[in-house]
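Secondary and tertiary structure notes
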Amino acid sequence: MASDLAASKITPGVLDAIFNDPERRATDFPVPVCQCVQIKPLASQGNGAERYRVVLSDTKNFVQSMLATGANHFIHDQKLKKGSLVRLKQFQANALKGKKILVIMDIDVLEEFGEPEKIGDPQALKMKDEEEDVKPAPGAVSGAGFYGNKPAQQPAAAERSIPTRTGPSSSAAHGNIYPIEALSPYAHKWTIKARVSNKSEIRTWHKQSGEGKLFSVNLLDESGEIKATGFNEQCDQLYDLFQEGSVYYISSPCRVQLAKKQFTNLPNDYELTFDRETQVEKAEDQENVPQVRFNFTNIANLQTVEKDTTIDIIGVLKEVADVNQIVSKSTSKPYDKRELTLVDDSDFSVRLTIWGKTATAFDAQPESIVAFKGAKVSDFGGRSLSLLSSGSMSLDPDIPEAHKLRGWYDTHGRSNTFASHSGMASAGAAGGRQDPVMSIAKVYEDNLGMSESTDYFSTKATIVYIKQENFAYPACLSEGCNKKVTDMGDGTWRCEKCDISHPKPEYRYIMSLNVNDHTGQLWLSCFDDVGRLVMGMSADQLMALKDSDDPAAGRAFEEANCKTMLFKCRAKMDSFQDQQRVRYQVTGASPVNYTNEAQKLAELIKLYNI
Ligand SMILES: [Zn+2]
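The rules behind each value
Residues numbered from 1 in each chain as written. Predicted model: local features only at pLDDT ≥ 70, side-chain atom pairs only at ≥ 80, totals over all residues. Heavy atoms only, no water. Pairing = 2+ DSSP bridges. Helix = DSSP H or I, 4+ residues; strand = E, 2+ residues; numbered from the N terminus. Donors = N, O, S within 2.8 Å, 3.2 Å for Na, K, Ca; no water. Tetrahedral: all angles 85-135°; square planar, octahedral: opposite > 155°, others 65-115°. Buried < 20%, exposed > 50% of the residue type's maximum accessible area, 1.4 Å probe, protein only. Core = buried A, V, L, I, M, F, W, Y, C linked by side-chain atoms within 4.5 Å. Contact = heavy atoms within 4.5 Å.

Below, the discussion takes up the sheet that holds strand 25 (residues 486-487). The strand order across the open sheet built from three strands is 25-26-27, with neighbouring strands paired in antiparallel fashion. Taken across any chain shown, the strands that pair with only one partner, and hence form the sheet edges, are strand 25 and strand 27 (500-502). In the sheet, strand 25 pairs with strand 26 (residues 493-495) via two bridges, with the strands oriented antiparallel. Bridge pairing links T486 to R494 in strand 26.

Set out below in structure tokens:
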């Protein structure tokens, strides 16, 4: 039977050895083969990273495993399926958040065995000592030195010997290289070999508690990418040593902690903080570590990308605007910015904003090819892009996509006309305008509506009070005229503008709503369309109920109370009897879509790693 053949290929007992007896694993099970008995996508991370949890069985035991993102292609290509036999090439036994997890960096899928049913009756793996802080037991993690491609450089048992920091610095001292993907707070002694894919500027802060500075680098190897930050002394020591694009050995002690997802666009769960003792050494061998990896979206396809997604983009630089300074509403700090226009062979153009020193130091000539990693998609002007501070820019990169664009541009791109996304702005009250969702406190904090210009925002709030006096006015019935009409006392209503009298007016809402959220309260004005949504009937109907002293009128107001809605608003300075005040006008409202709202909140909570 085919499954007997498959069963004979699997190495029973290997999972126990990996976690409980790594030395025996190296001698007795040099080529671990397991069966994949379950594959589950994990709920998407805050940054949209895709993760798969896999259960592996060696027929005796099963264990939860996490597929490194670099191995996701086995799932995309439908190579790894439930039932598949896999040969483990690079892996790391880890204790993540108190759970024992096998992190799988690289595998071979033994496709010739198909996908047999679960073989044997595997039991959950027991740890030798559940209380013990399981030290990471690296598998075949010595860089490229795994069997298959190249012979291992050292006998397998020696892989566990860990080089000391104090030893002479040579590449031999870096024999035990960890893949970035395998770093965790439980990995005590490690060295990574990684390329700096991005280096930040030095940032300083001044607070009551003191002042300081920091910088960060993104580090990349073939297993993944991680952010590392250096504060104060480490900032002085290491800032000049790191160069974007160069490869370094970085060795513990160096703090590994949960990533603050709100400050990074990397898919790693962890990040590093350089320690006084952290060793950083430029690698003699600058090859063999991947260059910055791009996952380009073409410009036409931006239309299908959701707002706030982080993407990579490459294009021909069509226009370069001058540097502009803007003052942030939330921090009152000035920012330098520059707008670029990019085009590509999808015949679309898009605007991309760069910030800070990247903006002031920008000196690429129009018609250069530029690639951006880590640009945020906004729906301003249909679709536009903003380079994140963690993002990076490459000028005329030596990659196939750049050569292809060069060829296209030189042959016919130069004379093309390009479509922009602004023509396709989504409909709706705000017409595709950037319309940040804010809490009520933030609306006040940012002084919205206090300046010359009009500000726009959305807020999710609950109606707590509706003014019942003057909730509607009598309006002209003429097509397109909403002017107030005057009761002439003779049973007619006169419109000054149209210069006619109507036998009755049409009542239209002009409501004042008091809305609250967890941060404060706000008075909103709304017109007829929003009033109908709030009250669930026309102003004419409500006025009729009120005029006939029908208790249904009071009930309608009660029912409208406590409704939670998403309000699109405009904040503008208003002069009324020499008094200046900000008026918040609702331009559109919609009931809360609880499914969407819950998903948004779940994403937000994830950013805090609670
Ligand atoms: Zn009129």
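Distances from the zinc ion to its protein donors, C476 (SG), C481 (SG), C495 (SG) and C498 (SG), fall within 2.3 to 2.4 Å. Classification of the site at the zinc ion as tetrahedral follows from its four donor atoms and the range of 105 to 114° in their angles at the metal. Going along the chain, you hit the donors of the zinc ion in the pattern C-x4-C-x13-C-x2-C. Taken together, the positions of C481 in the loop between strand 24 (472-475) and strand 25 and C498 in the loop between strand 26 and strand 27 put the pair 17 residues apart, joining distant regions of the chain. The exposure class of C498 is partly exposed, given its relative accessible area of 27%.

Turning our attention to the environment of L388. Residue position: L388 is located in strand 21 (residues 384-395). In this structure L388 comes out as partly exposed when scored by relative accessible area, which is 23%.

Another point: the nonpolar core. Formed by 41 residues in total, the largest nonpolar core has its most connected members in F457, I466, L513, V515, V534, M535 and F567. The residues touching I466, leaving out its near neighbours within four places in the chain, are M511, S512, L513, V534, M535, F557, A560 and N561. By size, the runner-up hydrophobic cluster in this structure holds 31 residues, among which are M105, I192, I226 and F274.

With that out of the way, let us pick up the pairing of strand 11 (residues 224-231). The buried fraction of strand 11 is high, at seven of eight residues. Across eight bridges, strand 10 (residues 210-221) lies against strand 11 in antiparallel orientation. Paired with F215 across the two strands is G230, which belongs to strand 11. Turn length for the strand 10-strand 11 hairpin, with the two strands adjacent in sequence and antiparallel, is two residues. Summarising the sheet, strand 11 and strand 14 (residues 270-274) pair through two bridges and their orientation is parallel. The residue of strand 14 that forms the bridge with T229 is T273.

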